[in-house]
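Residue-level structural notes
If you want the building blocks of each chain, they are given just below.
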Amino acid sequence: MSYAVLADLAARVAVFGIAALSLDFILGLGGMASFGHAAYLAIGAYAVAILDANAISSAPLVFAAAIGSCAAFALLSGAIALRTGGVNFIMITLAFAQMVYFATGSLADYGGDDGYTLLGRTSLLGPRSYFAACLICLALCYAFCRTAAASRFGRALQAVRQNRVRVQALGLSPFAIQLTAYVIAAAICGVAGVLLANGTEFVSPAYGAWQRSGDLLIMVMLGGAGTLHGAILGAAGVVVAEEMLGRLTEHWRLIYGPLLVCAVLSRRRRLR
Amino acid sequence: MTLLLVQALNGLQLGLLLFLIASGLTVVFGVMDVVNLAHGVQYMLGAYLGVTCIAFIGNWWLGALAATLLAGAVGLVLERCVFRYLYGRDHLEQVLATFGLLLAVNEAVRVVWGTAPLQMPMPALLSGSLPLIGAMRVPVYRLALIAAALAVAGALALAIGRTRAGMLVRAGATHPWMLRALGVDVRRLFASVFGVGAMLAGFAGVLAAPLVSVEPGMGDNLLILAFVVIVIGGVGAMHGAFVASLLVGLTDTLGRSFATDAARALLSATAAARVGPAVASMLIYVVMAAVLAVRPAGLFPARA
């Protein structure tokens, strides 16, 4: 493998590491199993595309737009999804992600289903600095999640996962805590979306496909939910495994799928 | 007016197909507490097996029957090999394992049948069309599909409401622990419920195959629609699934054909042409969000 290929792979690991990290923030710490997290990758990526089509490529503006739109959609969809729990939450987040998927596919001005090729990269994310930018973003996001997890808010979030009723009894609102965490995670995932779009210089609805949301869940679960760094390791594992199996055979999913089934079945049963 | 009628028939047809898939999914969830992402795979297998069996046997009806039974058999094998080990586990683990299964089966279908879409013939008996109103004609096959799906839905309602096995299924959905305590062979009940669910989804695949292109991953989108149906109808509720299936089928079909016209009433023609399709594809999710905002457990929650 040449240096360029390796750097490309490492950048992908960093990008999906950020996305998986943000999912772990709500899944591992907050107990919210979202099956629609890739929607925020897509929203972040489309923020890049839409600004690009309007000749705006300044990094602060692009990041602000991506984070803002992700947070706004998370606030709306999260407020509805968090009214339910358990398996309904999984299905509802999936449905909201599908909504984003079809919405991005119908953006005729930005390529529709075929996707949109960027006219140019966002500033600070050019080919030379892209790799470094990804690593810096990953480090910043990780530091942010760590700090947030250790903060008063992070403690409350983990308490909601462990015992919702007790948190209520303490006078806190579990709904508000979970919704806040959901919005934060979406905003972080938006950052990953911006990086993903710049890495390929191409944006398509497939970024928000539900299989992608499944991949993110796999990364978090394989790395160990609730550990934060595990999500990054899981992302590295999945991205590298896809790359290696993909080189081996065109039908790599025939190996990947059963591997996944075995990985899940061999997990120790936990009492929750 | 005639367009509305034709589209309503199409919506009814989509809704009933969805019900065949969602009914299996909701019972499997209600009785066994298993989230099955690989359920859409059964629909796809039904369609592919239908194409192959009909070509092999040479008779449409026998081929369709064989494909339905084979799809059920595949379901039983999957139950024995994978799902049996998922009972009682975390929902998230079930999602991941069945996701892996789905990737593998989709890929296996690509290997066996290739990636090119296949076509399935219609039975000669049902390939004509009937006059509807004036010059408008409606294909007999679509009407037959609606009738067949309604018949299955009726039989299912009878089986669940009036037979001993159905009583066990209902009891399993509401009081699983009591059922175990009463000494019912839950494992066998699970396996047969799973097999029937897989067969129903396979049957939906066979029925739909002559109207759609048979291709890998064709079950995935319907699976997500089936999830929407279950969430709207209330997890584990059969009648909820039926009402929600028709609601989703009609909303989606009518939305796609009339959203642009509706948008034109509010916006300029060019804006409407852009907004209409976007709104149409999102409509069922908006309906779902609206239902959940009012009733978080769905329209007819099985468990209080």
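My aim in this report is to walk through the structure given alongside it, one point at a time.

1. With respect to the overall build of chain B
Counting its regular elements, chain B contains 11 helices and 2 strands. Reading chain B from its N terminus to its C terminus gives the helix and strand order α-α-α-α-β-β-α-α-α-α-α-α-α. For 304 residues, the compact-globule estimate of 2.2 N^0.38 gives 19 Å, and the C-alpha radius of gyration of chain B, at 20 Å, lies within 12% of that figure. The principal-axis extents of the C-alpha atoms in chain B amount to approximately 65 × 50 × 40 Å. Put simply, chain B has 304 residues, and 54% of those count as buried. In chain B, 78% of the contacts between residues at least 6 apart in sequence involve partners at least 24 apart. Carbon and sulfur atoms make up 70% of the accessible area of chain B, which amounts to about 12,500 Å² in all. Side chains of chain B carry 17 positive and 10 negative charges; the gap between the two charge centres is 9 Å.

2. With respect to the environment of Met99(A)
Looking at where Met99(A) falls in the secondary structure, it is placed in helix 4 (residues 86-105). Placed 60 residues apart in sequence, Met99(A) and Ala39(A) show a C-alpha to C-alpha distance of 8.8 Å. The residues touching Met99(A), leaving out its near neighbours within four places in the chain, are Met282(B), Tyr285(B) and Val286(B).

3. As for the packing of helix 2 (residues 39-57) of chain B against helix 9 (residues 218-233) of chain B
Residues and elements named next belong to chain B. Helix 9 packs onto helix 2 with a crossing angle of 135° between their chain directions and a minimal axis gap of 8 Å. Our classification of the angle between helix 2 and helix 9 gives oblique. Where helix 2 crosses over helix 9, the handedness of that crossing is right-handed. Across the interface between the two elements, His39, Gly40, Tyr43, Met44 and Ala47 of helix 2 pack against Met218, Gly219, Leu222 and Leu223 of helix 9. Along the lines of polarity and charge, the residues of the contact of helix 2 with helix 9 split into 6 nonpolar, 3 polar and no charged.

4. Notes on a nonpolar patch on the surface
There is a patch of nonpolar side chains on the surface, built from Leu248(A), Leu254(A), Ile255(A), Leu259(A), Val111(B) and Val112(B) and spanning about 540 Å² of accessible area. At the level of elements, helix 11 (253-265) of chain A together with helix 4 (91-113) of chain B are the ones that each hand at least two residues to the nonpolar patch. Checked against the element boundaries, Val111(B) lands in helix 4. In this structure Val111(B) comes out as partly exposed when scored by relative accessible area, which is 43%.

5. A few points about empty space enclosed by the protein
All names here are of chain A. In total, this model carries 1 cavity of 30 Å³ or more according to the counting rule given. Taken as a whole, the largest cavity spans an internal volume of roughly 30 Å³. In this structure, the largest cavity is lined by Gly36, Ala39, Tyr40, Phe73, Ser77, Thr93, Phe96, Ala97 and Tyr182. At the level of elements, helix 2 (38-53), helix 3 (59-81) and helix 4 are the ones that each hand at least two residues to the lining of the largest cavity. Broken down by element, the residue count for the lining of the largest cavity peaks at 3 residues, all from helix 4. Considering only residue class, the lining of the largest cavity consists of 6 nonpolar, 3 polar and no charged.

6. Some points on helix 9 of chain B
With 16 residues, helix 9 of chain B ought to run about 22 Å at 1.5 Å a step, and its terminal C-alpha atoms sit 23 Å apart, in line with that. Phi turns positive, to about 100°, at Gly234(B), one or two residues after helix 9 of chain B.

Cut-offs applied
Residues numbered from 1 in each chain as written. Chains lettered and ligands numbered in written order. Predicted model: local features only at pLDDT ≥ 70, side-chain atom pairs only at ≥ 80, totals over all residues. Heavy atoms only, no water. Helix = DSSP H or I, 4+ residues; strand = E, 2+ residues; numbered from the N terminus. Rg over C-alpha atoms; globule rule 2.2 N^0.38 Å. Buried < 20%, exposed > 50% of the residue type's maximum accessible area, 1.4 Å probe, protein only. Contact = heavy atoms within 4.5 Å. Areas by Shrake-Rupley, 256 points an atom, 1.4 Å probe, with all protein chains shown as cover. Lys, Arg positive; Asp, Glu negative; His and termini not counted. Charge placed at Lys NZ, Arg CZ, Asp CG, Glu CD. Axes fitted to C-alpha atoms, helices over the stretch in contact; angles between N-to-C directions. Parallel < 35°, antiparallel > 145°, perpendicular 65-115°, else oblique. Left-handed = near helix turned anticlockwise from the far one by under 90°. Nonpolar A, V, L, I, M, F, W, Y, C, P; charged D, E, K, R; others polar. Patch = residues over 30% accessible without salt bridge, like charges linked within 9 Å, V, L, I, M, F, W, Y side chains within 5 Å. Salt bridge = Lys/Arg side-chain N within 4 Å of Asp/Glu carboxyl O. 1 Å grid on protein atoms, 1.4 Å probe; cavity = no way out; pocket = protein on both sides within 12 Å on 5 of 7 lines; lining within 4 Å. Points joined across faces, edges and corners; volume = space filled by probe spheres on them. Expected span 1.5 Å × (residues − 1).

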